[in-house]
Amino acid sequence: MSTTHVAEPVTDAQLDQLCINTIRTLSIDAVQQAKSGHPGTPMALAPLVYTLWNRVMRFDPQDAIWPNRDRFVLSNGHASMLLWSVLHLTGTRAVSADYEKLGQPSVTLDDIRRFRQLDSKAPGHPEYHWVSGVETTSGPLGQGVATSVGMAIAQKWLASRYNRPGFDIFDYDLYAVCGDGCLMEGVASEAASLAGHLGLDNLCWIYDNNHITIEGSTRLAFTEDVAARFLGYGWHVLRIGDANDIDRIVHALEVFRQTKGRPTFIILDSHIGYGSPHKQDTAEAHGEPLGDEEVRLTKRFYGWPEDARFLVPPGVYEHFAAGVGARGAATRRRWTELYDAYRARYPELANEIHLMQGRELPAKWDANLPTFPADPKGIAGRDASGRVLNALAQNIPWFLGGSADLGPSNRTTLTYEGAGDFQAESPSGKNLHFGIREHAMAATLNGLALSKLRAFGATFFIFSDYARPAIRLSAVMELPTIFVFTHDAMGDGEDGPTHQPVEHLASLRAIPGLVTLRPGDANEVVEAYRYVMQLRHAPAAIVLSRQPLPTLDRKKYASASGLARGAYVLGDAPGGEPEVIVIASGSEVSLAVEAHETLLADGIRSRVVSMPSWDIFEHQTQAYRESVLPRSVTARVAVEQASTLGWERYVGTSGRIIGMQTFGASAPLKELQRKFGFQPDRVVAAAREQLGR
Ligand SMILES: Cc1ncc(C[n+]2csc(CCOP(=O)(O)OP(=O)(O)O)c2C)c(N)n1
Ligand SMILES: [Mg+2]
């Protein structure tokens with residue numbers, strides 16, 4: 001018997017079921033229409049997502065960026081149809097990149113019909129910045145849950161700085177849904193370990209325990225005791241034996257909200273492709289359309305009209321409006337009243353919150369940044385950075401960060417009176433201790449940035465590889481996250497090739513939107529931070545030397561403020577008419593300057609260019625770029641202790657690149673510089689060779 005219409009719901013339970021099946025069938029239809037996507041997990045998790053959104057979460061669809069909203073992270077991002085369905089059914093409104101409320105729906109039914117198509121607001125995976133209501137981009141498994149740990153840290157920090165007796169301005173919770181894949185990924189383990197250590201009781205992960213991944217049963221590769229693992233991390237572990245039991249879901253979420261001192265991990269036993277007679281509990285339900293006939297059979301099982309597509313039956317929008325809509329509106333209204341009173345009573349704190357929410361900086365944020373006098377012995381990039389970070393953290397209350405156990409080496413520890421360590425018992429601390437978890441650190445930074453804090457994280461440059469997937473996501477999301485990487489090249493000589501970055505600059509420069517900066521002396525370090533702090537929608541990697549670099553005499557050479565243009569002429573040929581140009585970044589700038597002086601003394605019209613950032617330079621006008629690197633001057637030498645890959649762009653096919661073609665070696669720095677040719681006379685020789693004299 002086939003159904004031609006859905007039975008009109010009479011009881012609340014029937015209404016719940018109607019909404020759940022709407023999410024399921026929208027997901028099925030969207031995947032079927034797109035001929036691609038992941039139907040099975042939305043079919044299984046519709047009751048969870050429905051319950052969480054409509055019964056529990058404090059979220060106002062009218063204001064998707066209300067600062068005290070509960071956050072929902074879909075870490076198994078392939079199940080994006082869950083999110084598109086719920087954003088659509090709740091009538092969530094769009095917000096612009098400048099945080100203006102636009103009024104129009106975030107996700108329309110038409111977007112869902114055009115799931116995975118160009119410009120649809122229902123893309124393949126959740127995309128922050130593209131769809132309002134998405135709290136973080138997810139899809140690379142493990143990233144979402146790891147990012148949620150940063151969001152939870154942010155909530156704790158915000159509460160501790162801004163809440164006052166009777167004014168719980170920040171008391172939101174974080175919910176993250178994940179699958180087997182997320183839990184197999186190392187980044188989730190790192191992040192869960194950190195969250196357990198920090199006792200983040202505002203954080204709830206819900207694990208879709210369906211025993212299925214792409215290749216088939218988890219018996220193939222994932223048989224550990226996940227519950228024991230999370231107990232070991234110090235989490236509160238709960239289990240819901242039936243993903244369709246919404247009372248038990250409500251209860252477990254209630255237990256989470258009562259649990260203090262540790263995060264909650266809910267294991268939800270589910271059936272992927274629930275309701276599909278032939279595909280339920282199989283890997284086929286994961287990532288392919290069900291097929292027309294199976295769609296029919298599944299809809300029949302749900303009591304759904306078999307031929308209806310993209311059906312939202314009467315009563316469904318209204319039920320979401322009466323649930324999350326009404327609760328969210330009331331909660332936000334109460335919060336707004338509270339916040340008005342708070343603003344009257346604590347205007348300075350409220351002003352901070354205001355600035356932070358718009359990603360603005362407070363007045364005088366850079367008032368007392370250090371300047372460094374000329375000094376041939378100089379100071380290490382990391383040391384200059386440490387001084388800047390300490391100044392910034394005092395000027396900007398919500399600027400904080402830490403290192404993956406290398407604070408003393410990275411010089412990123414905030415040492416001023418009262419900076420403090422962020423721990424469960426001291427959530428106002430500004431020194432974050434990520435432990436030796438670079439990947440989770442970077443994902444956590446994304447979570448902090450998504451929560452509007454300004455955050456930095458540090459490690460050796462070589463270990464940026466361990467963090468790269470999350471660095472990439474910060475760029476995808478256009479978050480102003482700050483990565484501080486010290487030991488930028490062969491400066492830690494004796495540690496050898498395992499610790500000497502070679503390909504890392506090229507690799508970071510290849511990430512679209514990531515501002516990679518390698519300052520050449522202490523004053524460029526200051527300017528690098530000055531530039532980076534003003535970024536509102538781009539992440540930055542600041543790459544710093546371990547060893548002292550001469551502080552250039554800026555009376556003789558151009559001001560370090562030239563850094564803000566990516567590359568600038570430091571020293572020039574007489575009359576500004578060079579015949580050869582030497583370009584360098586970071587520790588090789590002083591080397592290039594020395595070579596430049598020798599060339600000038602030898603009567604060769606040399607220009608030396610400091611090029612701390614390709615990315616920034618590429619964004620300058622053609623006229624400016626031409627003024628720094630005039631086309632007519634083809635004799636060019638680039639010097640950088642890194643892979644030569646890409647430098648052809650600036651020296652041309654006939655130019656010379658003094659860089660690395662191999663890995664480094666274990667030896668004192670001076671010997672390495674000799675072995676690999678990073679010496680002034682080699683640069684001079686290369687320049688002469690270019691000129692043929
Ligand atoms: C880091 C990463 N590796 C691989 C993939 C490709 N991938 C997408 S989903 C998936 C299987 C996920 O299994 P599970 O999390 O159990 O999801 P389920 O099928 O149960 O929804 C894989 C391997 C990915 N998205 N991210
Ligand atoms: Mg699975």
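Our subject is the structure listed above.
These lines cover the structure that appears in this document, whether it is placed above or below. (Residues numbered from 1 in each chain as written. Chains lettered and ligands numbered in written order. Predicted model: local features only at pLDDT ≥ 70, side-chain atom pairs only at ≥ 80, totals over all residues. Heavy atoms only, no water.)

**Some points on the sheet that holds strand 11 (residues 399-403)**
No. 1: Overall, parallel pairing links the 6 strands, which are arranged 12-11-13-14-16-15 in an open sheet. The outermost strands of the open sheet, each flanked by one partner alone, are strand 12 (431-433) and strand 15 (515-517). Ignoring which end each strand starts from, the neighbouring axes of this sheet average 20° apart.
No. 2: Packing of helix 17 (residues 464-476) onto the sheet brings it into contact with strand 13 (454-460) and strand 14 (482-486), and relative to strand 14 it is tilted by some 160°. (Pairing = 2+ DSSP bridges. Helix = DSSP H or I, 4+ residues; strand = E, 2+ residues; numbered from the N terminus. Axes fitted to C-alpha atoms, helices over the stretch in contact; angles between N-to-C directions. Contact = heavy atoms within 4.5 Å.)

**Structural notes on the coordination of the magnesium ion (ligand 2)**
No. 1: Coordination of the magnesium ion (ligand 2) by the protein is provided by Asp180 (OD), Asn210 (OD1) and Ile212 (O), with metal-donor distances spanning 2.1 to 2.2 Å.
No. 2: Expressed as a motif, the donor residue spacing for the magnesium ion (ligand 2) is D-x29-N-x1-I. Taken as a pair, Asp180 in helix 6 (residues 180-184) and Ile212 in strand 6 (residues 212-213) lie far apart in primary sequence, 32 residues in all. With respect to class, Asp180 is no different from Ile212; both count as buried. (Donors = N, O, S within 2.8 Å, 3.2 Å for Na, K, Ca; no water. Buried < 20%, exposed > 50% of the residue type's maximum accessible area, 1.4 Å probe, protein only.)

**Structural notes on helix 13 (residues 347-357)**
Two residues of an α-helix separated by three or four positions point the same way, owing to the 3.6 residues in each turn.
No. 1: Restricting attention to buried positions, one finds in helix 13 the residues Leu349, Ala350, Glu352, Ile353, Leu355, Met356 and Gln357.
No. 2: Contacts from the buried residues of helix 13 go to helix 5 (143-162) and helix 12 (316-345).
No. 3: Phi for Arg359, located one or two positions after helix 13, is positive at around 55°.

**Thoughts on the side chain of Thr136**
No. 1: Topologically, Thr136 is positioned in the loop between helix 4 (109-113) and helix 5.
No. 2: Leave out the neighbours within four places in its chain, and Thr136 touches Val73, Pro126, Tyr128, Thr147, Met151, Leu450 and Met477.

**A short note on the environment of Leu87**
No. 1: With respect to the element layout, Leu87 can be found in helix 3 (residues 80-89).
No. 2: Each C-alpha atom, one on Leu87 and one on Ala64, is 9.9 Å from the other, the two residues being 23 residues apart in sequence.
No. 3: Filtering out sequence-adjacent residues up to four positions away, Leu87 remains in contact with Trp53, Thr92, Ser106, Val107, Val131, Ser132, Gly133 and Val134.

**A short note on the packing of aromatic side chains**
No. 1: If you walk through the whole model with that rule in mind, you get 32 aromatic pairs.
No. 2: Here Trp235 and Phe265 contribute two aromatic rings whose centre-to-centre distance is 6.2 Å and whose plane-to-plane angle is 90°, an arrangement assigned as edge-to-face. Taken together, the residues Trp235 in the loop between helix 8 (226-233) and strand 8 (236-240) and Phe265 in strand 9 (residues 264-269) connect sequence positions 30 residues apart. Phe265 shares its class with Trp235; the two are buried.
No. 3: When the centroid spacing of 6.0 Å and the interplanar angle of 65° are considered together, the rings of Phe617 and Tyr650 count as edge-to-face. Residue Phe617 is found in helix 21 (residues 614-618), and its partner Tyr650 is found in helix 23 (residues 648-651); the two are separated by 33 residues along the sequence. Exposure class is identical for Phe617 and Tyr650. Each is buried.
No. 4: Three or more aromatic residues joined by ring pairs make a cluster, and in this case those are Trp66, Phe167, Trp335, Tyr339, Tyr342 and Tyr346.
No. 5: Note that Lys675 overlies the ring of Phe676, its terminal NZ or CZ placed 5.3 Å from the centroid. (Phe/Tyr/Trp six-rings, centres within 6.5 Å; stacked < 30°, edge-to-face > 60°. Lys NZ or Arg CZ within 6 Å of the ring centre and 35° of its normal.)

**Overview of the site of ligand 1**
No. 1: Neighbouring ligand 1 are 15 residues; Thr41, His78, Gly181, Asn210 and His286 lie closest to it.
No. 2: In this structure, a nitrogen atom belonging to ligand 1 sits 2.9 Å away from a main-chain N or O atom of Gly139.
No. 3: For ligand 1, an oxygen atom lies 2.4 Å from a polar atom in the side chain of His286.
No. 4: Contact with the protein chains removes 73% of the 580 Å² of surface that ligand 1 exposes when unbound.
No. 5: Considering only residue class, the shell around ligand 1 consists of 5 nonpolar, 8 polar and 2 charged. (Near = heavy atom within 4 Å. Polar contact = N/O pair within 3.5 Å; in protein donor to acceptor, adjacent residues only side chain to side chain. Areas by Shrake-Rupley, 256 points an atom, 1.4 Å probe, with all protein chains shown as cover. Nonpolar A, V, L, I, M, F, W, Y, C, P; charged D, E, K, R; others polar.)

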